[in-house]
Amino acid sequence: MERLIIQGGRPLEGEIRISGAKNSALPILAAALLADGASRIDRIPHLQDITTTMELLGQMGVGLTVDEHMNIEVDPRDIRECYAPYELVKTMRASILVLGPLLARYGQADVSLPGGCAIGIRPVNLHVDGLRQMGANIEVENGYIRARCKRLRGARLVMDLVSVTGTENLMMAATLAKGTTVIENAAREPEVVDLADCLNRMGARVSGAGTDTLVIEGVEKLNGVQYNVLPDRIETGTYLVAVAMAGGRVKLKDTRPELLEAVLLKLEEAGAQVSTGEDWIELGMSRERPRAVKVWTAPYPGFPTDMQAQFCALNAVASGVGMVTETVFENRFMHILEMQRMGADVRLEGRTAISTGVAQLTGAPVMATDLRASASLVLAGLVASGETLVHRIYHIDRGYECIEEKLAQLGANIRRLPR
Ligand code: EPZ
């Protein structure tokens, strides 16, 4: 199994480019299934989850062409089957995003139930209930969602919980439904807005994106589109926390500061100097330790749960007592156990991690358990004394493009050990 080996203790200096957002590219690639023609999606990050999505679409008979810049042409006109098998869905839960588009465009979809994952049970009841309210006949049997419907009809949907992919699936399904759909308590994440913008470029009629009420007027057909996905706000935030922990000064290019305001405010609270431009963010941190902060995760525009683990790492080496409360997922603190092995003084009380920062963590062999937890262990390794070996880094490769290359470019002593 590949591992990352990190020698901690170096400040970070320089500039890196931010990649396209994984959580925008995934729904937008699924949305291409809705079109009567080919689409070209640009600025796709080179990640395992994208590869998995291309395998999934390719297995259905969807035409895929990728150029050297990871711009992907998706042509659904020769699709053979509307089927997402367990073998693929178990490796990437976001495969559920093909359910709405397949049902809306082809009247059928057989999609494996995504299992839970390390961070929680993660049911998809909101996706299924919403489609049923839109007239779909859905049986859940033998681990599969079997959905059939000649044509979905518009409905008024009130989401019990704010769900990002639940909102995305139902919004995509509603674009080709007969009549108007209203989605109340919709997710407001930038990736939801990016998807809505892409759908409207395809000829859909989505309004209210970015608010908690979406209104989608169904249309007869959608056209292929050329679309650039937005920058990855979580990759951006992860590198900013790295500098806030390790010290130094770094400029992140090809990003958008307005996508992560809650994170920037917390970094300034921690003592970082943050300056921004239209498509860049620069963060400086003198060598003293960051100040501990208090964080509560919440749906956008609140503090993102996908930045929670990274701030646990920051608090582990900060001066003072920090608290991080996870309100979105029920089991998203596995990184705490690994950080304790590196000498972090942190304990869990219910859904809150309380830490008293230490001046120095010690390097250790650690194990990644989920995408963002693994990134937080890399951050801890950057500031720990001695060597840190991060195992199971396939979690990292799902969401971070060339993480060791980008960090090495900033002066970190990090490299990937072959299998
Ligand atoms: C999306 O997951 C992201 N993934 C996650 O990013 C992110 O952590 C999450 O949103 C929250 O922001 C993608 O966009 C591909 P939810 P999603 O539905 O949509 C419960 C990463 O690190 N729920 O918003 O699956 C659920 O259990 C990943 O890139 C139901 O109960 O999350 C959770 O407690 C990790 N029933 C809460 O809602 C449902 O039908 C929010 O989940 C759906 C969700």
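*Asks:* What am I meant to see in the overall build of the chain here?
*Replies:* Secondary structure summary: the chain contains 14 helices and 24 strands in total. Taking 22 Å as the expected radius of gyration for a compact globule of 419 residues, we find that the chain reaches 21 Å, a close match to that expectation. A principal-axis box enclosing the C-alpha atoms of the chain has dimensions of 65 × 45 × 40 Å. Taking all 419 residues of the chain together, the buried fraction comes to 58%. For the chain, long-range pairs separated by at least 24 residues make up 73% of all intrachain contacts whose partners lie at least 6 apart in sequence. About 16000 Å² of surface is accessible on the chain, with carbon and sulfur atoms providing 48% of the total. Of the side chains in the chain, 45 bear a positive and 51 a negative charge, and the two mean positions are spaced by 2 Å.

*Asks:* Can you walk me through the packing of aromatic side chains in this structure?
*Replies:* How two aromatic rings sit relative to each other is set out by the distance from centre to centre and by the angle between their planes. Inspection of every chain in the model, using the stated rule, returns 2 aromatic pairs. Judged by centre distance (5.0 Å) and plane angle (90 degrees), the rings of Phe303 and Phe311 are edge-to-face. No difference in accessibility class separates Phe303 from Phe311, as the two residues are buried.

*Asks:* What should I look at first to understand the site of the ligand in this one?
*Replies:* In the vicinity of the ligand lie 22 residues, with Asn125, Ser163, Thr165, Asp306 and Val328 positioned nearest. A distance of 3.0 Å is found between an oxygen atom of the ligand and a side-chain nitrogen or oxygen belonging to Arg122. Between the ligand and the protein, one listed contact pairs an oxygen atom with a side-chain N or O atom of Ser163 at 2.7 Å. Here the ligand has 820 Å² of accessible area as a free molecule, and 88% of this is covered by the chains. Elements supplying a minimum of two residues to the shell around the ligand: α1 (22–31), α5 (125–133), α6 (164–174) and α12 (371–383). A per-element tally of the shell around the ligand places α5 first, with 3 residues. For the shell around the ligand, the residue count by class is 10 nonpolar, 6 polar and 6 charged.

*Asks:* Quick question: what am I supposed to make of the pairing of strand β16 (residues 273–277) here?
*Replies:* Both faces of the sheet carry side chains from a regular strand, because those side chains alternate between them. The pairing of β16 with strand β17 (residues 280–285) spans 5 bridges and is antiparallel. Residue pairing across strands places Gly277 opposite Trp280, the latter belonging to β17. The turn linking β16 back onto β17 is made up of 2 residues.

*Asks:* Please explain the sheet that holds strand β12 (residues 205–207) as it appears in this structure.
*Replies:* The pairing of strands in a sheet comes from backbone hydrogen bonds and takes either a parallel or an antiparallel form. Here 4 strands make up an open sheet; going across it, the order is β10-β11-β13-β12 and the pairing mixed. Both outer strands of the open sheet, β10 (156–158) and β12, are each paired with one neighbouring strand and no more. Recorded for the sheet is a direction-independent mean angle of 15 degrees between the axes of neighbouring strands. With 3 bridges connecting them, β12 and strand β13 (residues 213–217) associate as antiparallel partners. Bridge pairing links Arg205 to Glu217 in β13.

*Asks:* Teacher, can you tell me more about the environment of Ala147 here?
*Replies:* Within the secondary structure layout, Ala147 lies in strand β9 (residues 144–148). With relative accessibility at 0%, the residue Ala147 sits in the buried group. Counting along the chain gives 52 residues from Ala147 to Ser95, while the straight-line C-alpha distance between them is 15 Å. In this structure, Ala147 is in contact with Leu99, Leu103, Gly107, Gln108, Ala109, Asp110, Asn137 and Ile138, ignoring residues within four places of it in sequence.

*Asks:* I'm lost on the side chain of Thr181 in this one. Help?
*Replies:* Counting through the fold element by element, Thr181 comes out in strand β11 (residues 180–184). Within polar-contact distance, the side chain of Thr181 engages the backbone nitrogen of Ala155 at 3.4 Å. Leave out the neighbours within four places in its chain, and Thr181 touches Met134, Gly154, Ala155, Leu157, Ala174, Leu214, Val215 and Ile216.

*Asks:* Would you mind showing me how to read the environment of Met54 here?
*Replies:* Of note, Met54 is situated in helix α2 (residues 48–60). When its relative accessible area of 16% is taken as the criterion, Met54 is described as buried. Expressed as a C-alpha distance, the spacing of Met54 and Gly302, which sit 248 residues apart in the sequence, is 32 Å. Ignoring sequence-local partners within four residues, the contact set of Met54 consists of Leu64, Val66 and Ile72.

*Asks:* Help me understand helix α7 (residues 190–201) in this model?
*Replies:* An ideal rise of 1.5 Å per residue puts 16 Å on 12 residues; α7 measures up with 16 Å between its terminal C-alpha atoms. Looking only at α7, the buried set comprises Pro190, Glu191, Val192, Asp194, Leu195, Ala196, Cys198 and Leu199. On its buried face, α7 is in contact with α1, α6, β12, β14 (226–228) and α8 (233–246). Taken from the residues just after α7, Gly203 is the one with a positive phi, measuring 110 degrees.

*Asks:* Would you mind going over the nonpolar core with me for this structure?
*Replies:* In a soluble, globular protein the nonpolar side chains are often hidden away together inside. Among the nonpolar cores identified, the biggest contains 76 residues, and Ile50, Val98, Leu131, Met134, Leu152, Met171 and Leu199 are the most heavily contacted of them. Tallying contributions element by element places α1 first for this core, with 6 residues. If sequence neighbours within four positions are ignored, Val98 has contacts with Ala30, Leu33, Leu56, Leu57, Met60, Ala84 and Val111. Ranked by size, the runner-up nonpolar core spans 72 residues in total, among them Leu264, Val295, Ala364 and Ile414.

Calculation notes
- Residues numbered from 1 in each chain as written.
- Predicted model: local features only at pLDDT ≥ 70, side-chain atom pairs only at ≥ 80, totals over all residues.
- Heavy atoms only, no water.
- Helix = DSSP H or I, 4+ residues; strand = E, 2+ residues; numbered from the N terminus.
- Rg over C-alpha atoms; globule rule 2.2 N^0.38 Å.
- Buried < 20%, exposed > 50% of the residue type's maximum accessible area, 1.4 Å probe, protein only.
- Contact = heavy atoms within 4.5 Å.
- Areas by Shrake-Rupley, 256 points an atom, 1.4 Å probe, with all protein chains shown as cover.
- Lys, Arg positive; Asp, Glu negative; His and termini not counted.
- Charge placed at Lys NZ, Arg CZ, Asp CG, Glu CD.
- Phe/Tyr/Trp six-rings, centres within 6.5 Å; stacked < 30°, edge-to-face > 60°.
- Near = heavy atom within 4 Å.
- Polar contact = N/O pair within 3.5 Å; in protein donor to acceptor, adjacent residues only side chain to side chain.
- Nonpolar A, V, L, I, M, F, W, Y, C, P; charged D, E, K, R; others polar.
- Pairing = 2+ DSSP bridges.
- Axes fitted to C-alpha atoms, helices over the stretch in contact; angles between N-to-C directions.
- Expected span 1.5 Å × (residues − 1).
- Core = buried A, V, L, I, M, F, W, Y, C linked by side-chain atoms within 4.5 Å.

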